[in-house]
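A look at the structure
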Amino acid sequence: MNYTLPKNFPENGLGDEVAFELISRIVRDKSANLGSAVSFAHMDPPPPKVAIETTRLNAQYNQNLLHPDLSPFATEAESIVIDWIADAFQMRNGHMCAGSTIANLTALWAAREHGAKSIVCSADAHLSVAKSAHILGLPCKKVATDKNGKMDVQALPDLSNAALVLTAGTTGRGAIDPLSGWHLEASKWVHVDAAWAGPLRLSRYRALLDGIESADSVAISAHKWLFQPKDSAICLFKAAESERSVSFSGSYLATPNVGVQGSRGAAGITLLATFLAMGQAGLDQKLHQCIKVAEQVAIGLDEFETTELCCMPQTGVFNWRPVFGVTEQLVQDLKGVSSKVMIEGQPWMRNVAANPHADAKKILNRIKTIVSRL
Ligand SMILES: Cc1ncc(COP(=O)(O)O)c(C=O)c1O
């Protein structure tokens, strides 16, 4: 598609319609189609229609959660969805934020306010954990994982002054760290980074997250497996005072500003509309569909003589590679279908079950054709 964008901020505008037409053509041309039958590479789902339409409505009303008097329904909607979700995790309260990077930072900030002097996580924890430690001025210690990517709890140091971060659905392998055991009792604070797999707690797979109810805080990305547009995530706390410790009052505010962000949009309205549209059964069905496709593709690649599987999907994420290894050509040819990930220093391909419209047969055919051609 041919288009020319001005090099500098133009003196005169094009007008709303022409500018929108131009930009929407470029966006359509230069964005991945997350709902395509072979889109299975990243943690970014295609949002359902109700979420897209509600986001448009939110943009129109432009509510600010910082000021409940400006956003009475946005405030109410967020508190409804937080209640529904917190209940499944046996958490007391929480708030929405722009992503799990921020939810992790917020939770670890609360941990520091409650006396944690260091952060301990597994080698496979998301980079936002080390980033949070850096921002908070706390040392971050990483412990080894077992062969399936779960934290090796035998390798844990003394946790008496530490915030222990357990991951429910690691970014690279989808592993769930042990969510119960002595290490939870031994820690000053337990945070579960459930950015990816947290929504399974609202589905038939809820038992996979048993033990999460003992955590002090939980992070969940709604823009991953709750099928929300960005920027949508949730930070949950076990105790009301934890959230208070990350709240600040200001002379121009009627209520304290909770968490890291200041002004926040009405992501809770979009999530509420999505929950109302899908119901628990609809969400369960979408997650089940994603997990089924991951299993079918993984089994197909395990049976194919030219590829090997690292391990079966644990939470819809799995890794495989051709027997001749991962090449740059393979990575290029499979863009959007699979992506490259390093596991214990070795390159593997990664598939992520974020797209309920993915078609296992089409994905397998695409991968097999490309691998066979190399
Ligand atoms: C396990 C895990 N934690 C945290 C994050 C960060 O979440 P976000 O991208 O919502 O900031 C990710 C993102 O992929 C993740 O996989």
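Counting restarts for each chain: residues are numbered from 1 in the order of the written sequence. Local features in this predicted model are restricted to residues whose pLDDT is 70 or higher, and side-chain atom pairs enter the listing and the counts only when it is 80 or higher, whereas totals over whole chains, interfaces and linings include all residues. Calculated side-chain values reflect all of the structure's heavy atoms, with hydrogen atoms and water omitted.

The name given to the protein chain in an unreviewed UniProt entry is Aspartate aminotransferase family protein, with the source organism recorded as Alteromonas genovensis. UniProt positions are given in the numbering used here, feature names are shortened, and annotations may be inferred rather than shown by experiment. The UniProt entry for the protein chain carries the following text under Cofactor (unreviewed entry): "pyridoxal 5'-phosphate". Turning to the protein chain, the UniProt record has this under Sequence similarities (unreviewed entry): "Belongs to the group II decarboxylase family."

It is worth spelling out the sheet that holds strand 10 (residues 307-311) at this point. Strand pairing is assigned whenever DSSP identifies at least 2 bridges connecting the two strands. For the purposes of this entry, the term helix denotes a DSSP run of H or I that reaches at least four residues, the term strand denotes a run of E that reaches at least two, and both are numbered from the N terminus. An order of 10-11-13-12 is seen for the 4 strands of this open sheet, with the pairing classed as antiparallel. Taken across any chain shown, the strands that pair with only one partner, and hence form the sheet edges, are strand 10 and strand 12 (339-343). Sheet twist, expressed as the mean angle between neighbouring strand axes with direction ignored, is 45 degrees. Pairing geometry for strand 11 (residues 317-322) and strand 13 (residues 346-352), over 4 bridges, is antiparallel. The partner of N319 across the bridge, within strand 13, is R350. Any pair of residues with heavy atoms lying within 4.5 Å of one another is described as a contacting pair. Every angle, taken between N-to-C directions, lies between 0 and 180 degrees, and every axis is a line fitted to C-alpha atoms, over only the stretch in contact when it is a helix. Contacts from helix 8 (residues 267-303) reach strand 10 and strand 11 within the one sheet, and its direction differs from that of strand 11 by about 25 degrees.

This part covers the domain arrangement of the protein chain. Reports often express the size of an interface as the amount of accessible area lost when the parts come together. Those domain boundaries reflect an automatic or database domain assignment. We note that the domain assignment places domain 1 (49-277) and domain 2 (279-373) within the protein chain. Here the C-alpha centre of domain 2 lies 27 Å away from the C-alpha centre of domain 1. Taken together, the contact between domain 1 and domain 2 spans 26 residues of the former and 23 residues of the latter. Of the roughly 2,000 Å² buried between domain 1 and domain 2 on both sides combined, carbon and sulfur atoms contribute 56%. A pairing counts as a salt bridge when a side-chain nitrogen of Lys or Arg comes within 4 Å of a carboxyl oxygen of Asp or Glu. Linking domain 1 to domain 2 there are 2 salt bridges. Here E344 makes a salt bridge to R173, at a shortest N to O gap of 3.3 Å. Class assignment for the residues of the side of domain 1 that touches domain 2 results in 15 nonpolar, 7 polar and 4 charged. Summed over both partners, the accessible area (1.4 Å probe) lost when two parts come together is defined as the buried area. Polar here means any residue other than Ala, Val, Leu, Ile, Met, Phe, Trp, Tyr, Cys and Pro, which are nonpolar, and Asp, Glu, Lys and Arg, which are charged; Gly is therefore polar.

Consider each residue's heavy atoms; a residue with any of them within 4 Å of a molecule or strand counts as near. Lining the immediate surroundings of the ligand are 15 residues, of which S100, T101, T171, D193 and H223 lie closest. N or O atoms within 3.5 Å of each other form a polar contact, as long as, within protein, one can give a hydrogen and the other can take it, and as long as residues adjacent in sequence are counted only when both atoms are side-chain atoms. Contact distances for the ligand include 2.9 Å between an oxygen atom and a backbone N or O atom of S100. S221 places a polar side-chain atom, nitrogen or oxygen, 2.9 Å from an oxygen atom of the ligand. Per-residue and other accessible areas were derived by the Shrake-Rupley procedure at a 1.4 Å probe size, with only the shown protein chains allowed to occlude residues. Compared with its free state, where it exposes 390 Å², the ligand has 86% of that area covered by protein. With 3 residues, helix 4 (residues 100-113) is the largest single contributor of residues to the shell around the ligand. Here the residues of the shell around the ligand are counted per class, giving 2 nonpolar, 11 polar and 2 charged.

The strand order 1-7-6-5-4-2-3 describes an open sheet built from 7 strands, whose pairing is mixed. The strands lining the two open edges of the sheet, one partner per strand, are strand 1 (93-97) and strand 3 (140-143). Strand-to-strand twist in this sheet, taken as the mean axis angle between neighbours without regard to direction, amounts to 20 degrees. For strand 6 (residues 217-221) and strand 7 (residues 233-237), the ladder comprises 5 bridges, and the chain directions are antiparallel. Bridged to V218 within strand 7 is L236.

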